[in-house]
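# Secondary and tertiary structure notes
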Amino acid sequence: MADWLAALTRRADLRAKAGLTRRLHPRAAADAVVDLAGNDYLGLSTHPEVIAAATQALSRYGLGATGSRLVRGSTEAHHALEDTLAGWLGTDRALVFSSGYLANLAAVRALVRPRTLLVSDAHNHASLIDGCRISGAETVVTPHADVAAVAAALAAAPGRPAVVVTESVFSVDGDLAPLLDLHRVAREHGALLLVDDAHGLGVTGPAGAGAVAAAGLAGEPDVVVTATLSKALGGAGGVVAGPAEFVRHLVETARTFIYDTALPPAVAAGVHAAVEVARTGDDRRAVLTERAATAVRRLRAAGLDVSTPDAAVVSVTAPGPQAATEWAAACRDRGVAVGCFRPPSTPDSRSRLRLTIGAGVPQADFEHALEVIVECAP
């Protein structure tokens, strides 16, 4: 009976030898760590207007939604948020899920018809990868940001329904997908384009409407947008936005929507307030741009291999998984939190620290954090 537990222990030992052990680090409510690991890009998770909206909804609705959206989980807060998100993103409709992960699973599955071909970027987030797998559709994984490879995959499947699946700002290195070219190629072959704008929403585009809007593709009938509400908006949940017919299809068929308890109303109300702040937050976005450039300049000056960010994600290469783990731990010991990405979380088997730039971090703390990262480098 204990054999299966012993097998798990052996697998854990192998991960430890490879430097791939993962541990939970509880965070106190008032810790003094400089946060370059979380995704609260605009500092909205603690914004007074956001907290006030969530608190008011909490007192009105209670802690949870008490059911799925189709039972008792749909509140005025959910519908108001969806209307606002649709307007912001420039789409017919938007549908809120309890997480961005579930939103991506639903969107990919709902776009699949018999004989559908999915063409997925090699650097896509795990939620998109899992969506492709769960859908059961044939999936071709193309080299990262390779438009020619996408075109070739589509050309090799004439007459078949197809979907090009990509992130906008990629979560590991922070680079921007060639959205206009991908849309052009998709449209030439009668394919749809699914864009996960998780790291673009709130950070890029007109009024922070995201990378899809920045590319001029908002509201296109062959484009579907997904995003998490837990990054620049500082809350939780996910959204799928696109044509009204597609959103109706999700409401009636998406298992991760139908059978999942709804996002808590207080969170929906807080995120709604965050959207309103984000839409007028050009000053906060300017801070992100300036700080990302500063981080790249200073880290490169120290001899580190650093990505060129298109939004607020900066990737710093580490010699290997163990070195990345020790580097991140050394930074944490000195009061700086950084992301530590190692295989299998990295699509290219390259370990790195990931810095997520936040406008809510005091400037002096940000400057100090960069010094610590350099001083702790392997």
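Here the structure is a predicted model, which is why all the values come from computation and not from measurement.

Another aspect to go through is the sheet that holds strand β1 (residues 34-36). Here we have four strands laid out as an open sheet, ordered β1-β10-β11-β9, and mixed in their pairing. For this open sheet the edge positions go to β1 and β9 (313-317), each flanked by a neighbour on one side alone. Each neighbouring strand pair of the sheet contributes to a mean axis angle of 30°, computed without reference to strand direction. With three bridges connecting them, strand β10 (residues 336-341) and strand β11 (residues 352-356) associate as antiparallel partners. Its bridge partner being in β11, Phe341 is matched across the sheet by Arg352.

Now for the packing of helix α4 (residues 76-89) against helix α12 (residues 265-279). Where α4 contacts α12, the axes come no closer than 8 Å and their chain directions differ by 25°. The pairing of α4 with α12 is recorded here as roughly parallel in orientation. Between α4 and α12 lies a crossing of left-handed hand. Here Ala77, His78, Ala80, Leu81, Thr84, Leu85 and Trp88 of α4 come into contact with α12, specifically with Pro265, Ala268, Ala269, Val271, His272, Val275, Glu276, Ala278 and Arg279. Counted by class, the contact of α4 with α12 contains 11 nonpolar, three polar and two charged residues.

With 12 residues, helix α5 (residues 100-111) should reach 16 Å at 1.5 Å per residue; the first-to-last C-alpha distance of 17 Å fits that figure. Buried residues dominate α5, accounting for nine of its 12 residues. Residues Gly100, Ala103, Asn104, Leu105, Ala106, Ala107, Val108, Ala110 and Leu111 constitute the buried set of α5.

Attention now moves to the packing of aromatic side chains. Tallying each qualifying case throughout the model produces one aromatic pair. Aromatic pair Phe97 and Phe257: ring centres 5.5 Å apart, planes at 65°, arrangement edge-to-face. One end of the pair, Phe97, is in strand β2 (residues 93-97); the other, Phe257, is in helix α11 (residues 255-258), and 160 residues separate them in sequence. Residues Phe97 and Phe257 agree in their burial class; the two are buried. Above the plane of the ring of Phe366 lies Arg291, whose end atom (NZ or CZ) is 5.2 Å from the centre.

Interaxial distance between helix α2 (residues 48-61) and α12 falls to 7 Å at its minimum, and their mutual angle equals 155°. In this view, α2 runs roughly antiparallel relative to α12, as classed from their interaxial angle. Like other packed secondary-structure pairs, α2 and α12 cross with a definite hand, here right-handed. Facing α2, whose interface residues are Glu49, Val50, Ala53, Ala54, Ala57, Leu58 and Tyr61, α12 presents Pro265, Ala266, Ala269, Gly270, Ala273, Ala274 and Val277. The residue inventory of the contact of α2 with α12, partitioned by class, reads 12 nonpolar, one polar and one charged.

Within strand β8 (residues 238-242), five of the five residues are buried, which leaves it mostly tucked inside the rest of the structure. By the alternation rule, side chains of β8 split into Gly238, Val240 and Gly242 and Val239 and Ala241, which are all buried. Note: β2 against β8, five bridges, orientation antiparallel. Counted as the bridge partner of Ala94 is Ala241 from β8. Where strand β7 (residues 223-228) lies against β8, four bridges are found, and the strand directions are antiparallel. Following the sheet pairing, Ala227 is matched in β8 by Val239.

A cis amide bond links Pro343 with the next residue in sequence, Pro344, at an omega value of 5°. Checked against the element boundaries, Pro344 lands in the loop between β10 and β11. Phi at Arg115 takes a positive value of approximately 75°, unusual for a residue other than glycine. Turning to its location among the elements, Arg115 is positioned in the loop between α5 and β3 (117-121). Judged by relative accessible area, which is 54%, Arg115 ranks as exposed. Even without being a glycine, Ser349 presents a positive backbone phi close to 65°.

Rules used in this analysis
Residues numbered from 1 in each chain as written. Predicted model: local features only at pLDDT ≥ 70, side-chain atom pairs only at ≥ 80, totals over all residues. Heavy atoms only, no water. Pairing = 2+ DSSP bridges. Helix = DSSP H or I, 4+ residues; strand = E, 2+ residues; numbered from the N terminus. Axes fitted to C-alpha atoms, helices over the stretch in contact; angles between N-to-C directions. Parallel < 35°, antiparallel > 145°, perpendicular 65-115°, else oblique. Left-handed = near helix turned anticlockwise from the far one by under 90°. Contact = heavy atoms within 4.5 Å. Nonpolar A, V, L, I, M, F, W, Y, C, P; charged D, E, K, R; others polar. Expected span 1.5 Å × (residues − 1). Buried < 20%, exposed > 50% of the residue type's maximum accessible area, 1.4 Å probe, protein only. Phe/Tyr/Trp six-rings, centres within 6.5 Å; stacked < 30°, edge-to-face > 60°. Lys NZ or Arg CZ within 6 Å of the ring centre and 35° of its normal.

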